[in-house]
Amino acid sequence: MSVNPAPSTDEERLAQLGYQQELHRRLSGFSNFAVSFSIISILAGAITSYGIAMTAGGPIAITLGWLFVGIMVTFVALAMAEVCSAYPTAGALYWWAAALAKRNKAAWAWFVGWFNFLGEVAVTAAIDFGAAITTAAFLSLTFDMEVTKASTFLIFLVIIVVHGLLNTFGVNLVRLLSDVSAWWHLVGVAVIVVLLTVLPDQHKPISDVFFEVHNATGFTFAGASVYAVLIGLLMAQYTYTGYDASAHVAEETHDAAKAAPRGIVMSVVVSVIAGFVLLFAITWSIQDYEAERTTALGLPPAQIFIDAAGHNAGTFLVFICMVAQWFCGMASVTANSRMSYAFSRDGALPGSRIWKQVNPRTGTPTNSIWLCVTLSTIIVLPSLWNTTAYLAATSIAVIGLYIAYVAPVFLRRRNPDFQPGPWNLGKWSAPVGWIAIVWVVIICILFVLPTASPITATTFNYTIVAVAVVVGAATIWWFASARHWFTGPRQNLIEKAAHGEQTMPTE
């Protein structure tokens, strides 16, 4: 890849894109990386969704599946990063789509924005619900608390409200906690790996760690094991989400045209490596596969820790994961609220006038923060009745986010006039971009397929329903109303120059 000199300061570049600096620019390149790395959170996604791959695929889906998906996701991250360097703005994905589309710019921005919004809300819901599952397991191990659907939901409520409050206090606190989070993840993984190497009396054979297949999905047709392994890739693909956060906080990052794309790519690359080491250590330490997969704790890795390292050491490892997941959810609310703020700034959300407001004291979009908290809570509500809610939330997050991730990449490939930013892929841009596009098409098909047999009301994969509802609603709204007034990203410098006169409705 090549690096060209930046043409201007961050504020001047933002002005070239049509926006006045409103958010406080306080994040360093490391802090930008830390936000995305914290949302990917190998100690969150890979731990809370580990049971998905234990059921569908087994060790081969967990270890080799992680590496394979990680390589494919790196292509997506590289392709996204190149576009981010050219357009370092909080709107990110939908803004890029509008800038790159040759025709129907507003429609591209509208649909990419809604996919991004759906994915952001779903991933925040899935992260904090996963954190609640882990916290419930920790409380069960330390205080003998019974793990129930109701208790897990109450813990989720506490976690997501705390994350809303922390984000409300300002970007300085977010920066500090994100920096701490990055180091907590790296040191935490090292501690877990060392203890799981030293403490267990026995380990699984290395060949089983990489090649053993388990299929507890209920499917028995010819090739069902291969199907199970493919479904199990959801564990890795779900974990590798949220790195668009580096783009969403670009307007709060110094040297954003270089630091934001680096944050996107490095958060994925570091996660691939550290996550593989972590997952190898956990899978290598499995003592009783079926008992740990179906543990009453509701979190297979927690049972693996206890069985392999003993009660006290195992509980300590669960604590490391629990804290990491709290950090992860906090960073997810940060990214989610910035995307909502930017989308509202352009008049695309109902009530945009409310959600686009920035608190002048903290420099944060307070109203957007609580909008995201509320919507994520609504997504998790079905968990009180349906045990597959978490699986559905992860699938919705993956599909919603990855469609939004790759749409600007597709448009960039079809736009010969694209002017690369200071961080770009040079001659590798085309092959990297097309590999990313093909991979996202594959996973969008894969993760709406049935995940368990027999297919009943409780085992049905509701992902397709949720995605269809959002796409349907966005489509109806577009043709019925939005196409008449939504013109894509609205540049606040132009609006301010017009003394606040509105050329279109804000709601």
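Heads up: the structure comes first, above all this text.
Residues numbered from 1 in each chain as written. Predicted model: local features only at pLDDT ≥ 70, side-chain atom pairs only at ≥ 80, totals over all residues. Heavy atoms only, no water.

## Examining the overall build of the protein chain
Counting its regular elements, the protein chain contains 23 helices and four strands. Against the compact-globule benchmark of 23 Å for 507 residues, the protein chain has a radius of gyration of 22 Å, which places it among compact chains. With the C-alpha coordinates of the protein chain rotated into their principal frame, the extents come out at 70 × 50 × 45 Å. Relative to its full complement of 507 residues, the protein chain shows a buried share of 61%. In the protein chain, the proportion of contacts linking residues at least 24 apart, taken out of those at least 6 apart, comes to 84%. Of the roughly 18,200 Å² of accessible surface on the protein chain, a fraction of 68% belongs to carbon and sulfur atoms. Across the protein chain, the centroid of the 24 positively charged side chains sits 13 Å from that of the 26 negatively charged ones. (Helix = DSSP H or I, 4+ residues; strand = E, 2+ residues; numbered from the N terminus. Rg over C-alpha atoms; globule rule 2.2 N^0.38 Å. Buried < 20%, exposed > 50% of the residue type's maximum accessible area, 1.4 Å probe, protein only. Contact = heavy atoms within 4.5 Å. Areas by Shrake-Rupley, 256 points an atom, 1.4 Å probe, with all protein chains shown as cover. Lys, Arg positive; Asp, Glu negative; His and termini not counted. Charge placed at Lys NZ, Arg CZ, Asp CG, Glu CD.)

## Quick notes on the environment of N359
Inspection of the secondary structure puts N359 in the loop between α18 (352–355) and α19 (366–380). The class of N359 is partly exposed, set by a relative accessible area of 24%. Placed 190 residues apart in sequence, N359 and F169 show a C-alpha to C-alpha distance of 9.9 Å. Once residues lying within four places of it in the same chain are set aside, the contact partners of N359 are T364 and T366.

## A short note on the nonpolar core
If you look at the biggest cluster of nonpolar residues, it comprises 160 residues, and the most contacted ones within it are W96, Y243, Y402 and F486. Sequence-distant contacts of Y402, defined by excluding residues within four places in its chain, comprise V73, V76, Q237, Y240, T241, Y243, V440 and I443. (Core = buried A, V, L, I, M, F, W, Y, C linked by side-chain atoms within 4.5 Å.)

## Considering unusual backbone geometry
When glycine is set aside, most residues are seen to have a negative phi, and most peptide bonds are trans. A cis amide bond links S453 with the next residue in sequence, P454, at an omega value of 0°. One non-glycine residue, N104, lies in the positive phi region at around 50°. Summarising the element assignment, N104 is placed in the loop between α6 (93–100) and α7 (105–143). N104 gets classed as exposed once you look at its relative accessible area, which sits at 54%.

## A look at the pattern of salt bridges
According to the stated counting rule, one finds eight salt bridges in the structure shown. Measuring nitrogen to oxygen at the nearest pair gives 3.9 Å for the salt bridge that ties D10 to R25. With D10 in helix α1 (residues 10–16) and R25 in the loop between α1 and α2 (29–48), this pair connects stretches of sequence that are 15 residues apart. Looking at D10, the relative accessible area reads 17%, which means it is buried. R25 sits in the buried class, given a relative accessible area of 10%. For E290, the salt bridge identified is with R293, shortest N-O distance 2.6 Å. In this pair, E290 and R293 are both assigned in helix α15 (residues 289–293), three residues apart and thus about one turn of the helix distant. Residue class for E290 comes out partly exposed when judged on its relative accessible area of 38%. Sharing partners across several salt bridges, the network here consists of D10, E11 and R25. (Salt bridge = Lys/Arg side-chain N within 4 Å of Asp/Glu carboxyl O.)

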